[in-house]
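Below, each chain spelled out in residue letters.
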Amino acid sequence: MRKKILSLALTLALSLSLAMPAAAASVTEIPTEYSGRVPDENAMTMSCFSEGLARVVKGDGMFGFVDQAGKEVIPCQYLWASDFSEGMAVVQNSDYLYGYLDQTGREVVPCRYQGADGFSEGLARVMDRHGRYGFVDQTGKEVVPCQYQVADSFSGGLARVQNADQLYGCIDQTGREIVPCQYTSLGGFSEGLACVQNDRGLCGCIDQTGKEVIPCQYALLDAFSEGFARVADQDGRYGFVDRTGKVVTPCRYRDVRYFSEGLAAVMNDQGLWGYVDQTGKEVIPCQYQYVRSFSEGVAAVANADLLYGYIDKTGREVIPCQHSYAYDFSDGLARVANADFLNGFVDKTGRMVVPYQYKDVRGFSDGLAAVANADLLYGYLDKTGKEVIPCQYQAVEAFSGGVAAVENADHLWGVIDQTGKTVVSCRYKTVGPFREGAAFAVDGSGKTTILKVDDQPSAPGFTDVKDTDYFAASVQWAVEKGITTGTSKTTFSPNNTCTTADILTFLWRANGAPTPTGSSAAVPTGKYYTEAANWALE
């Protein structure tokens, strides 16, 4: 039965990627009166939309904000402005002082600071005229007085600070020193712990209460990953400790990497790499010239001839070492390169899904990846390796919300959709990245136009599936094929976890909902998945 289910699952996954047509898109161009440049500067000032607004610049170089309809909702009267974050934007007035606006343009925090950063977790770092740092809240109240030489933004309820003696500690959002300023170095928290260094140069770890859970005794201690951190002793030998400080891998290696999928790469005295598990056991002997971390159950390794292949977690070579370079697997495909620096893709059987032919390969976004051929012309591949948009552009951007900016042979930019159709002709000097369904384009004279992606029909009746969601077209396809009906008439619940019963039912429906020839005592009767489970057991 397992083989049948796996086969059916692969068939359904392939159907989702092949049978589903790419979504067409359209874009509305909204001219504005704003400039894409600051006078006497070459730097572009186009902003991405953030929280529904984007900063713009008029001919006199003053900043303000517009909405996606091009309406100036905050007048252009500031020397500088940041993007909105947590409902607030940093602005600089004509006296070169900084403050904060809300989305109505109200100056919530008056412009009185020498420096200011964006809000994080309800607080923002500000600097007074003496160069000291503190924090304000969104009412403008200075909840932490400006008294620190260094201060980081809040993360997880804590912020790192440095006092006048150049010692580090952490404060909470009331300004209370949770970790006293007593360390010469203090890293960020990872998995609830942070590395600290004392005045003797030795490293340990503290928790978020300031308790030193791992004494300062190591020459180096890195951030935690999968519950383990790499450490180095005074002789420069590396190993691993767990969150309690227990040594799981003694410091006996020349180098070690972070854990990934339960294994970590380690290097022996001969400069060869292998892997240890989370008990410290060397489960894959040190025999490789180079290795990468495990991803999707396999890792790229290089043999003595510096040729790359892939091994599984038992150390078995599942793809022979025959490539000049190999990258991590993602969604069942991995990028590989030959001696001529041409790239292709292999699947987990080692089959060349895409032959060596591309000079450049970028990451997938919205289901497509930008690639450049031998002539350095760009197009896009889908996740089956098919070149769905031919290589014909001088430069391209990643897809976002179903559209991407592209540059033609005349070095002018336009926009295409995922079918390759031109939705904005190539006539702009530049097109900014799309965010929140909109982007700015600048013409040869420096004038800006807002490019707004038109709303597309969402999956039928589902209020929780937006037209810009990467899975929207997949949902539409599955509904049309009768594979799923959602969790109610108006909700699909895309973030819910699918149970085994759900998956079997989807597979059964995808195969035409055949009537099972028998029934199993192990399958309850009268359930929505009864027929699907009995069919899968045949």
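Look a little higher up for the structure.
Residues numbered from 1 in each chain as written. Predicted model: local features only at pLDDT ≥ 70, side-chain atom pairs only at ≥ 80, totals over all residues. Heavy atoms only, no water.

1. A word on helix H4 (residues 530-537)
In an α-helix, one turn spans 3.6 residues, which is why side chains three or four residues apart end up on the same side. The element H4 is largely enclosed, with a buried count of six among its eight residues. Of all the positions in H4, only Thr-530, Ala-532, Ala-533, Asn-534, Trp-535 and Ala-536 are classed as buried. (Buried < 20%, exposed > 50% of the residue type's maximum accessible area, 1.4 Å probe, protein only. Helix = DSSP H or I, 4+ residues; strand = E, 2+ residues; numbered from the N terminus.)

2. Let's talk about the pattern of salt bridges
All told, the structure shown has 18 salt bridges when counted by the stated rule. One salt bridge connects Arg-106 with Asp-102, and the closest N-O pair in it is separated by 3.4 Å. Residue class for Asp-102 comes out buried when judged on its relative accessible area of 14%. The structure contains a network of salt bridges with shared partners spanning Glu-33, Lys-58 and Glu-72. (Salt bridge = Lys/Arg side-chain N within 4 Å of Asp/Glu carboxyl O.)

3. Notes on the packing of aromatic side chains
A complete count under the given rule lists 14 aromatic pairs for this structure. Both rings, one in Phe-135 and one in Phe-154, keep their centres 4.8 Å apart while their planes meet at 65 degrees; by these two values the pair is edge-to-face. Taken together, the residues Phe-135 in strand E11 (residues 133-137) and Phe-154 in the loop between strand E13 (150-151) and strand E14 (159-162) connect sequence positions 19 residues apart. Comparing Phe-135 with Phe-154, the two get one shared label, buried. (Phe/Tyr/Trp six-rings, centres within 6.5 Å; stacked < 30°, edge-to-face > 60°.)

4. Details of the environment of Gly-201
Looking at the element boundaries, Gly-201 is found in the loop between strand E18 (193-197) and strand E19 (203-207). Sequence separation between Gly-201 and Tyr-218 is 17 residues; the distance between their C-alpha atoms is 8.6 Å. Setting aside residues no more than four positions away along its own chain, Gly-201 makes contact with Tyr-218 and Ala-219. (Contact = heavy atoms within 4.5 Å.)

5. Some points on the pairing of strand E25 (residues 255-260)
Relative to strand E26 (residues 263-267), E25 runs antiparallel, the two sharing four bridges. By the bridge assignment for E26, Val-256 is matched with Val-266. Between E25 and E26, which pair antiparallel and follow one another directly, the connecting turn spans two residues, one of which, Glu-261, has a positive phi of 55 degrees. (Pairing = 2+ DSSP bridges.)

6. Focus: unusual backbone geometry
For Glu-86, which is not a glycine, the phi torsion comes out positive at approximately 55 degrees. Tracing the backbone shows Glu-86 in the loop between strand E5 (80-81) and strand E6 (89-92).

7. Remarks on the nonpolar core
Judged by nonpolar contacts, the single largest core of 15 residues is most densely connected at Val-27, Val-403, Val-415, Val-424, Val-431, Phe-434 and Leu-451. Examining the composition of this core, we find that three residues originate from one element, strand E44 (residues 422-428), more than from any other. Discounting residues that sit within four places of it in the chain, Val-424 has contacts with Val-27, Glu-29, Gly-414, Val-415 and Leu-451. (Core = buried A, V, L, I, M, F, W, Y, C linked by side-chain atoms within 4.5 Å.)

8. Quick notes on the sheet that holds strand E21 (residues 220-221)
With respect to topology, four strands assemble into an open sheet ordered E21-E22-E23-E24, the strand pairing being antiparallel. Lying at the two open borders of the sheet, with one neighbouring strand each, are E21 and strand E24 (247-253). For strand E23 (residues 238-242) and E24, the ladder comprises three bridges, and the chain directions are antiparallel. From the neighbouring strand, Tyr-238 faces E24, where its bridge partner is Tyr-253.

9. Re the pairing of strand E27 (residues 273-276)
Side chains of E27 alternate between two faces, with Trp-273 and Tyr-275 and Gly-274 and Val-276 buried alike. Sheet topology note: the E26/E27 ladder contains four bridges and is antiparallel. When the bridges of E27 are listed, Ala-264 appears paired with Val-276. In this antiparallel pair of consecutive strands, E26 and E27, the connection spans five residues, and Gly-271 shows a positive phi of 80 degrees. Inspection of the sheet shows E27 paired to strand E28 (residues 282-288) by three bridges, in the antiparallel sense. Across the sheet, the residue bridging to Val-276 is Glu-282, located in E28. Here E27 hands over to E28 after five residues, with Gly-280 in that stretch at a positive phi of 95 degrees.

10. Let's talk about the sheet that holds strand E10 (residues 123-127)
Strand pairing in a sheet relies on backbone hydrogen bonds. The paired strands run either parallel or antiparallel. Pairing is antiparallel across the open sheet formed by four strands, whose spatial order is E9-E10-E11-E12. Looking at the sheet topology across the chains shown, the edges are occupied by strand E9 (115-120) and strand E12 (142-148). Mean inter-strand twist for the sheet, computed between neighbouring axes without regard to direction, equals 20 degrees. (Axes fitted to C-alpha atoms, helices over the stretch in contact; angles between N-to-C directions.)

11. Topic: helix H3 (residues 500-510)
Along H3, the residues classified as buried are Ala-501, Leu-504, Thr-505, Leu-507 and Trp-508. The arc enclosing the buried residues of H3, seen along the axis, measures out at 165 degrees, which places them on a common side. Downstream of H3 by a residue or two, Gly-512 has a phi angle that is positive, lying close to 90 degrees. (Arc of directions from axis to C-beta.)

12. So, the side chain of Asp-67
On the secondary structure map, Asp-67 appears in the loop between strand E3 (63-66) and strand E4 (72-78). The charged side chain of Asp-67 is buried without a salt bridge, its nearest counter-charge being Lys-71 at 5.7 Å. Within the local environment of Asp-67, its side chain forms a polar contact with the backbone nitrogen of Ala-69, the two atoms lying 3.0 Å apart. Contact partners of Asp-67, with chain neighbours within four places excluded, come to Phe-49, Gly-52, Leu-53, Val-73 and Ile-450. (Lys, Arg positive; Asp, Glu negative; His and termini not counted. Polar contact = N/O pair within 3.5 Å; in protein donor to acceptor, adjacent residues only side chain to side chain.)

Honestly, it's all geometry; don't read function into it.
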